[in-house]
Amino acid sequence: MHTLDYGVILAYLLVSVGLGIYFGRNQTRQEFFAAGNSMGWLPVGLSVMATLFSANSFVMYPSIAYGSGLRISLFLISISLMAPLVLWVFIPIYARLKCQTAYEYLERRYHVSVRSLASGLFIFLRIGWMASATYAASVVLANVMQVDQTMVIVVLGIVSIFYTMLGGLRAVMWTDVMQFFIFSLTILLTLGLILSQTEGGVSGVISTYFEGRSNVLIDFTPSMTLEYGSWALLIGLFLEGLSAFGADQVAVQRYIAARSERTSQIGFMINILGMWTVVPGLLAIGIGLYSHYQHFPEEMVSVLATELNGQLPDWRTDGAPGMSVPEYYQSYPQYVAEDIRALNKQDQALPQYVRLHFPPGVIGLFLVALMAAVMSSIDSGIHSVTTALMVDFRDRHMPHWKPENNKIEVLQDRALVVLIGILSVFLACNVGEMGDVFAIGKKMTAGFGGPLLAVFVLALFFKNTTTAGVWVGTFVGAIITIALMYLYSDWFSVWYWPIGFGLSLIIGLGVSLVSNLIHGSPSSRDSEEEPLTFWNVVRGQQTLSQKSNE
């Protein structure tokens with residue numbers, strides 16, 4: 001790496017730390033957790049996108065486009081279909097009930113135990129997501145910088161924890177905004193470099209990409225094992241998006257920090273528009289990489305040599321006596337792309353191109369973009385988990401532990417940020433044993449994300465569901481989903497979202513029905529208040545007084 005690259009990296013890290021110090025002055029609890037409820041639509045929207053898009057996506061989309069096709073672009077259709085639900089259901093609920101966390105609503109709707117259940121599921125979900133997202137980008141950073149991957153995770157973790165601990169949510173959101181612009185600029189520069197250095201220009205790149213390939217854009221084959229099958233993507237990513245943007249404290253915390261309900265809604269639409277800009281750019285990078293390596297397959301031979309450790313794969317040993325790995329693939333370059341995919345090393349296509357073709361300074365910017373992706377995952381995750389632990393558990397179950405002195409309160413909040421950050425960094429250093437980058441994220445989130453979403457859907461749209469039904473449905477649904485994940489490890493990981501959601505929803509409805517037959521429906525037992533469903537809250541059929549079930 002050139003001195004200029006190190007300079008770009010150092011400048012970015014110093015600015016991030018500086019934002020934490022600047023916003024860390026005169027902190028209060030309300031400022032630390034909700035940025036004083038004063039954020040505008042631009043930081044709300046871009047922060048949501050930078051946080052939930054982040055590291056997994058920056059690595060994942062180009063590698064999928066390079067190795068598997070463009071079927072993953074159906075993600076854009078899925079999030080567009082779920083957007084009205086977030087815009088007109090979830091955001092108004094949180095704004096009009098003035099919730100501090102997403103899970104406070106569930107206590108008002110059911111019982112404090114449901115709030116604790118959902119918040120606990122979120123904490124597991126978010127810690128796992130942080131670990132996988134951090135690991136994903138650190139793979140590329142370590143390869144390009146030629147440094148130890150653990151060191152990358154630890155250093156970026158320390159910086160993220162530092163500015164989050166000092167500046168609270170306002171520092172997190174403004175660093176997210178900066179990080180969004182950094183990796184957006186990097187996507188444009190990367191795409192421009194690839195297209196300018198690949199034979200045939202745009203038309204040649206597209207022609208090479210689609211030549212001799214089928215089902216590149218869609219594949220509706222009914223299969224549980226088909227990777228990136230269209231049915232799985234449309235259904236699974238719809239539910240994943242609804243969970244992430246509607247029932248996840250990371251996004252909800254940004255809606256709560258906005259000046260008004262309308263500000264939150266505008267910010268959310270900015271987030272969706274940003275997705276429609278950035279995702280096609282990342283997929284275009286993958287298209288360009290595929291075309292480039294079709295013309296220059298020898299550039300990926302070193303990746304195969306490193307992965308195979310001097311031994312040809314079993315399916316290539318016949319007819320190649322005495323040949324080394326580099327010699328074999330230099331003699332048979334037509335097998336390079338096929339074996340890269342077979343060995344699941346498509347994640348290496350982009351960093352390999354960066355090492356070989358990016359000029360000084362641009363390498364530094366690319367690395368800063370990945371660092372931004374890692375840090376946006378860490379800072380938002382540890383802050384939202386800290387908020388859930390403090391608000392949903394300490395304040396609700398152990399109010400006598402809540403200090404009256406504001407300085408002591410902020411000190412405790414900061415200490416918990418550090419502890420959660422250390423745990424997340426430790427897990428990120430060890431998550432690589434679970435599988436490839438895309439599957440890592442899905443394994444760590446689908447087991448909990450689907451059941452968590454089912455809790456909110458039951459609460460919002462099913463008037464007669466009961467606390468017992470929600471508890472049983474969520475717990476049993478999560479357990480079965482996790483069991484299936486390991487019993488049928490060859491199933492495409494996105495399928496576990498509809499499985500977890502569907503199981504929890506059906507079981508919750510069934511148990512609620514039995515409970516109502518035995519004890520009577522909730523509405524018949526409580527004539528003074530109707531349940532806080534979507535219709536009763538948003539349509540004005542219910543006063544906004546807090547419901548408690550002690």
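Residues numbered from 1 in each chain as written. Predicted model: local features only at pLDDT ≥ 70, side-chain atom pairs only at ≥ 80, totals over all residues. Heavy atoms only, no water.

**Some thoughts on the overall build of the chain**
And step 1. Counting its regular elements, the chain contains 22 helices and zero strands.
And step 2. Taking 24 Å as the expected radius of gyration for a compact globule of 550 residues, we find that the chain reaches 24 Å, a close match to that expectation.
And step 3. Looking at the chain as shown, the accessible area adds up to about 21200 Å², and 64% of this sits on carbon and sulfur atoms. (Helix = DSSP H or I, 4+ residues; strand = E, 2+ residues; numbered from the N terminus. Rg over C-alpha atoms; globule rule 2.2 N^0.38 Å. Areas by Shrake-Rupley, 256 points an atom, 1.4 Å probe, with all protein chains shown as cover.)

**Side note on the pattern of salt bridges**
And step 1. Counting across every chain of the model gives 13 salt bridges.
And step 2. Notably, a salt bridge pairs Arg170 with Glu31, separated by 2.6 Å at the nearest N-O pair. Of this pair, Arg170 sits in helix α7 (residues 149–197) while Glu31 sits in helix α2 (residues 29–34), and the two are 139 residues apart along the sequence.
And step 3. Residues Glu409 and Arg394 are paired through a salt bridge, measuring 2.9 Å at the closest nitrogen-oxygen approach. Of this pair, Glu409 sits in helix α17 (residues 406–428) while Arg394 sits in helix α16 (residues 362–397), and the two are 15 residues apart along the sequence.
And step 4. Through salt bridges that share partners, Arg29, Arg394, Asp395 and Glu409 make up one connected network. (Salt bridge = Lys/Arg side-chain N within 4 Å of Asp/Glu carboxyl O.)

**Some points on unusual backbone geometry**
And step 1. Even without being a glycine, Asn26 presents a positive backbone phi close to 55°.
And step 2. Positive phi values are uncommon outside glycine, yet Tyr228 reaches one of about 60°.
And step 3. For Tyr228, the position within the fold is in the loop between α8 (201–210) and α9 (230–246).
And step 4. In this structure Tyr228 comes out as buried when scored by relative accessible area, which is 7%. (Buried < 20%, exposed > 50% of the residue type's maximum accessible area, 1.4 Å probe, protein only.)

**Some details on the environment of Gln249**
And step 1. Its place among the elements puts Gln249 in helix α10 (residues 249–257).
And step 2. Counting along the chain gives 148 residues from Gln249 to Thr101, while the straight-line C-alpha distance between them is 6.5 Å.
And step 3. Other than its neighbours up to four places away in sequence, Gln249 contacts Gln100, Thr101, Ala102, Tyr103, Phe122, Ser384 and Thr387. (Contact = heavy atoms within 4.5 Å.)

**A word on the nonpolar core**
And step 1. Tyr105, Phe268, Phe366 and Phe456 are the most contacted members of the largest nonpolar core, which totals 154 residues.
And step 2. Leave out the neighbours within four places in its chain, and Phe268 touches Met82, Ala83, Val86, Leu87, Ile91, Phe245 and Tyr255.
And step 3. In this structure, Ala35, Val44, Leu169 and Ala257 belong to the second largest nonpolar core, which totals seven residues. (Core = buried A, V, L, I, M, F, W, Y, C linked by side-chain atoms within 4.5 Å.)

**Digging into the confidence of the model for the chain**
And step 1. Residues with a pLDDT of 70 or more make up 93% of the chain, whose mean pLDDT is 86.
And step 2. With pLDDT under 50 throughout, residues 541–550 is counted as low confidence; its partners more than four residues away or in other chains account for 25 contacts. (pLDDT = per-residue confidence, 0-100.)

**Notes on the packing of aromatic side chains**
And step 1. For the structure on display, the rule yields 25 aromatic pairs.
And step 2. Ring plane angle 65° and centroid distance 6.3 Å describe the contact between Tyr66 and Tyr290, whose orientation is recorded as edge-to-face. Highlighted residues: Tyr66 in helix α3 (residues 41–67) and Tyr290 in helix α11 (residues 261–295), separated in sequence by 224 residues. You'll find Tyr66 and Tyr290 in the same group, each marked buried.
And step 3. Between Tyr209 and Tyr290, the ring centres sit 5.2 Å apart and the planes meet at 80°, which makes this aromatic pair edge-to-face. With Tyr209 in helix α8 and Tyr290 in helix α11, this residue pair connects regions lying 81 residues apart in the sequence.
And step 4. Through successive ring pairs, a cluster of aromatic residues spans Tyr66, Tyr209, Phe210, Tyr290 and Tyr293.
And step 5. Across from the ring centre of Tyr209, 4.5 Å away, lies the NZ or CZ of Arg213, which sits over that ring. (Phe/Tyr/Trp six-rings, centres within 6.5 Å; stacked < 30°, edge-to-face > 60°. Lys NZ or Arg CZ within 6 Å of the ring centre and 35° of its normal.)

**Thoughts on the packing of helix α6 (residues 112–145) against helix α19 (residues 467–487)**
And step 1. For the pair α6 and α19, the least separation of the axes is 10 Å and the interaxial angle reads 20°. Between α6 and α19, the angle is such that the two are roughly parallel. Between α6 and α19 lies a crossing of left-handed hand. Contacts between α6 and α19 involve Ser113, Val114, Leu117 and Leu121 from the former and Thr467, Val470, Trp471 and Thr474 from the latter. (Axes fitted to C-alpha atoms, helices over the stretch in contact; angles between N-to-C directions. Parallel < 35°, antiparallel > 145°, perpendicular 65-115°, else oblique. Left-handed = near helix turned anticlockwise from the far one by under 90°.)

**What to know about α17**
And step 1. Look at α17: 33 Å from first C-alpha to last across 23 residues, which is about the 33 Å you get at 1.5 Å a residue.
And step 2. Buried residues of α17: Glu409, Val410, Asp413, Arg414, Leu416, Val417, Ile420, Gly421, Ser424, Val425 and Ala428, and no others.
And step 3. Residues of α17 that are buried make contact with α2, α6, α7 and α16. (Expected span 1.5 Å × (residues − 1).)

**Things to note about a nonpolar patch on the surface**
And step 1. A surface patch of nonpolar side chains, amounting to about 700 Å² of accessible area, comprises Val202, Ile206, Phe210, Leu217, Ile218, Phe220, Trp231 and Ile235.
And step 2. If you list the elements that add at least two residues to the nonpolar patch, you get α8 and α9.
And step 3. When residues of the nonpolar patch are assigned to their parent elements, the largest contribution, three residues, is made by α8.
And step 4. Inspection of the secondary structure puts Ile206 in helix α8.
And step 5. Using a relative accessible area of 41% as the deciding quantity, one classes Ile206 as partly exposed. (Patch = residues over 30% accessible without salt bridge, like charges linked within 9 Å, V, L, I, M, F, W, Y side chains within 5 Å.)

**Some thoughts on the environment of Gln311**
And step 1. Relative to the helices and strands, Gln311 is located in the loop between α12 (301–308) and α13 (325–331).
And step 2. It is 6.6 Å that separates the C-alpha atoms of Gln311 and Val325, two residues lying 14 residues apart in sequence.

**Concerning the packing of α7 against helix α15 (residues 349–357)**
And step 1. Where α7 contacts α15, the axes come no closer than 12 Å and their chain directions differ by 70°. Accordingly, the angle class assigned to the pair α7 and α15 is roughly perpendicular. Here Thr190, Leu193, Ile194 and Gln197 of α7 lie close against α15, whose contacting residues are Leu350, Tyr353 and His357.
And step 2. Looking at side-chain class alone, the contact of α7 with α15 contains four nonpolar, three polar and no charged residues. (Nonpolar A, V, L, I, M, F, W, Y, C, P; charged D, E, K, R; others polar.)

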